[in-house]
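Structural features, examined
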Amino acid sequence: LVERRARGEPIAYLTGSREFYGRDFAVSPAVLIPRPETELLVDLGKAAVAGLAAPRILDLGTGSGCVAVTLALEVPGAAVVAVDVSPAALDVARANAQRLGAAVDFAHSDWFAVLAGERFDLIVANPPYVADGDPHLGAGDLRFEPPGALACGADGLAAIRRILAQAPAHLASAGALYFEHGYDQGEA
């Protein structure tokens, strides 16, 4: 473990877990390591569905499942669906949901591909938003995380554009869409 850490491997991958929203989530190199700033996505999502008796929630690109599982546990009566294009990530997410006692339906999907005709009160996503070739991808913890979960397109906005184009067909009336993006991408 010391040798792996000396090579820069993230502690979360060495221990196999990372805290998120006060809960311990299993992680592996198949998923991004949950980060504290992503907890804001949960806070915004909870506020968006506050007062709804049985909100339908979709987590796109669920990875470890930290957002989907947390919303399932924090929003009573919620029906949560989580999708990811990576079967290995879905395995991690399913295990986290089972271990933490969260009712989440998981599906292997490229964004909305398997969700034809389904609508949600809340859609959340932490998509890849780093530009291909960004020098940060070769530094620190990012060197060890799944590249497809980090980078997407010349400006990093390719996945976000796809989500934005397809989300209206899947949002319920007065539904909300929240997604994480880079610090310098707000205007775009």
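Here, every reference points to the structure presented above.
I will try to describe carefully the structure that is included in this document. No experiment lies behind these values; they were computed from the predicted model shown. (Residues numbered from 1 in each chain as written. Predicted model: local features only at pLDDT ≥ 70, side-chain atom pairs only at ≥ 80, totals over all residues. Heavy atoms only, no water.)

Any two aromatic rings considered together are summarised by their centre-to-centre distance and by the angle between their planes. The final tally for this structure, using the stated rule, is 2 aromatic pairs. Aromatic pair Phe20 and Tyr21: ring centres 6.4 Å apart, planes at 35 degrees, arrangement tilted. Residues Phe20 and Tyr21 agree in their burial class; the two are buried. Here the aromatic rings of Phe20 and Phe25 are separated by 6.1 Å at their centres, their planes lie at 85 degrees, and the arrangement is edge-to-face. Of the residues examined, Phe20 reaches a relative accessible area of 0% and is grouped as buried. For Phe25, a relative accessible area of 0% corresponds to the buried category. Here a set of aromatic residues connected by ring pairs shows up, and it is made of Phe20, Tyr21 and Phe25. (Phe/Tyr/Trp six-rings, centres within 6.5 Å; stacked < 30°, edge-to-face > 60°. Buried < 20%, exposed > 50% of the residue type's maximum accessible area, 1.4 Å probe, protein only.)

Read across the sheet, 5 strands follow the order β5-β4-β3-β6-β7 without closing on themselves; strand pairing throughout is parallel. This sheet does not close on itself; its edge strands, each paired only once, are β5 (104-108) and β7 (171-179). This sheet shows a mean twist of 20 degrees between the axes of neighbouring strands, independent of strand direction. By the bridge criterion, 4 bridges tie strand β3 (residues 56-60) to strand β6 (residues 120-125) in an arrangement that is parallel. When the bridges of β6 are listed, Asp59 appears paired with Val124. Lying on the sheet, helix α3 (residues 39-49) is in contact with β3, β6 and β7; it crosses β6 at an angle near 170 degrees. The sheet strands contacting helix α5 (residues 87-100) are β4 (79-84) and β5, and the helix crosses β5 at an angle near 170 degrees. (Pairing = 2+ DSSP bridges. Helix = DSSP H or I, 4+ residues; strand = E, 2+ residues; numbered from the N terminus. Axes fitted to C-alpha atoms, helices over the stretch in contact; angles between N-to-C directions. Contact = heavy atoms within 4.5 Å.)

Right, let's talk about the pairing of β3 for a bit. Among the 5 residues that make up β3, 4 are buried, leaving the element largely enclosed by the rest of the structure. Note: β3 against β4, 5 bridges, orientation parallel. Residue Asp59 lies in a different strand from β4, and its bridge partner there is Ala82. Read as a crossover between parallel neighbours, the route from β3 over helix α4 (residues 66-74) to β4 is right-handed. (Right-handed = clockwise from strand over helix to strand, strands pointing away.)

Right, let's get into the side chain of Asp84. Relative to the helices and strands, Asp84 resides in strand β4. Buried and without a salt bridge, Asp84 has Arg94 as its closest oppositely charged side chain, separated by 10 Å. At 2.8 Å, the side chain of Asp84 and the backbone nitrogen of Gly63 are in polar contact. Here the side chain of Asp84 touches Ser86 through a polar contact of 2.9 Å, landing on its backbone nitrogen. (Lys, Arg positive; Asp, Glu negative; His and termini not counted. Salt bridge = Lys/Arg side-chain N within 4 Å of Asp/Glu carboxyl O. Polar contact = N/O pair within 3.5 Å; in protein donor to acceptor, adjacent residues only side chain to side chain.)

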